[in-house]
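Given next are the chains, with one letter for each unit.
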Amino acid sequence: GPGVSQEAKAAFERGATVVPLMRTGGASSGQFDFPPGATVQLDFASKQQWSLLQDKGASVHKSAEAAASIVMKCPAKTTTAMEAQRLRSELGHDARIVCILGGTAFQGGDSKALVEAIASQFGSLTDSKLKFVTGGMSGVQETFATSFGDGVWNLLPVGQSSGYGRGT
């Protein structure tokens, strides 16, 4: 919803690459003032891959495969923000950091299955440079973390935990 849109807008304005799962409805489909530029096909995504992010009739597995493939092709970006540098030093300077954003409730009928399939797709990859971070929220982020397993970083204030037993 609106929270996801705000997160995506902040990330997009800072130069992050956003891979929207438009088929889920809600923010990533362009609602709630989602950044319009973030729904434009990325240069390194094929037309077919981008279409699978939009097509509600496509199989969850095919959409998950397309999302994972796009992220794998995403060029690494750098930032000079102190916290990003600290995280990068902990995760490795050559890490490809993927931030998992999403609402606390699922909008589309197969949205939860799609998130689970994407996490599973990434879990089957052997690229140790991929690092996943969440804000430790319920819903999409919790589903991704519990479906992916160990190797997810939940970024929360000191002393807080996600409460779902997965992630660092």
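Residues numbered from 1 in each chain as written. Predicted model: local features only at pLDDT ≥ 70, side-chain atom pairs only at ≥ 80, totals over all residues. Heavy atoms only, no water.

Our next topic: the packing of aromatic side chains. Scanning the entire structure with this criterion turns up four aromatic pairs. Where F122 meets F132, the ring centres are 4.9 Å apart and the plane angle is 55°; that geometry is what we call tilted. Of this pair, F122 sits in helix α5 (residues 111-123) while F132 sits in strand β2 (residues 130-134), and the two are ten residues apart along the sequence. Given the relative accessible area of 5%, F122 is considered buried. Summarising the aromatic geometry, the rings of F132 and F148 are spaced 5.0 Å apart at their centres and angled 55° between planes, so their arrangement reads as tilted. Here the residue F132 occupies a position in strand β2, and F148 occupies one in helix α6 (residues 140-148), the gap between them amounting to 16 residues. (Phe/Tyr/Trp six-rings, centres within 6.5 Å; stacked < 30°, edge-to-face > 60°. Helix = DSSP H or I, 4+ residues; strand = E, 2+ residues; numbered from the N terminus. Buried < 20%, exposed > 50% of the residue type's maximum accessible area, 1.4 Å probe, protein only.)

What follows is about the sheet that holds strand β3 (residues 152-154). Judged by pairing direction, the sheet is parallel, and its three strands sit side by side in the order β1-β2-β3 without closing on themselves. With one partner strand each, in any of the chains shown, β1 (96-99) and β3 form the two edges of the open sheet. Sheet twist, expressed as the average angle between the axes of neighbouring strands with direction ignored, equals 30°. Judged from the three bridges that link them, β2 and β3 form a sheet pairing that is parallel. Along β3, the bridge assignment pairs V133 with W153. (Pairing = 2+ DSSP bridges. Axes fitted to C-alpha atoms, helices over the stretch in contact; angles between N-to-C directions.)

Before going further, it helps to examine the confidence of the model for the chain. Summarising the model, the chain shows a mean pLDDT of 82, and 88% of its residues fall at 70 or more. Here helix α4 (residues 82-91) stands out as the element of the chain with the lowest mean pLDDT, 71, in contrast to helix α2 (residues 47-54), whose mean of 92 is the highest. (pLDDT = per-residue confidence, 0-100.)

All chains considered together, the criterion is met by three salt bridges. Two residues, K9 and D33, come together in a salt bridge whose shortest N-O distance is 3.5 Å. Here D33 lies in the loop between α1 (2-13) and α2 and K9 lies in helix α1, a separation of 24 residues in the sequence. A salt bridge links K62 to E65, with the nearest nitrogen and oxygen atoms 3.9 Å apart. Separated by three residues within a single helix, K62 and E65 lie in helix α3 (residues 60-73), roughly one turn from each other. When its relative accessible area of 33% is taken as the criterion, E65 is described as partly exposed. (Salt bridge = Lys/Arg side-chain N within 4 Å of Asp/Glu carboxyl O.)

Counting buried residues in β2 gives four out of five residues, a clear majority hidden from the surface. When β1 meets β2, the two strands line up parallel, connected through four bridges. Considered in β2, the bridge of V98 is made with F132. Regarding topology, α6 serves as the crossover connection from β2 to the parallel β3, and that connection is right-handed. (Right-handed = clockwise from strand over helix to strand, strands pointing away.)

Before going further, it helps to spend a moment on the side chain of Q49. Within the secondary structure, Q49 is located in helix α2. Of the residues examined, Q49 reaches a relative accessible area of 11% and is grouped as buried. Apart from the residues within four sequence positions on either side, Q49 is in contact with F44, A66, S69, I70 and K73. (Contact = heavy atoms within 4.5 Å.)

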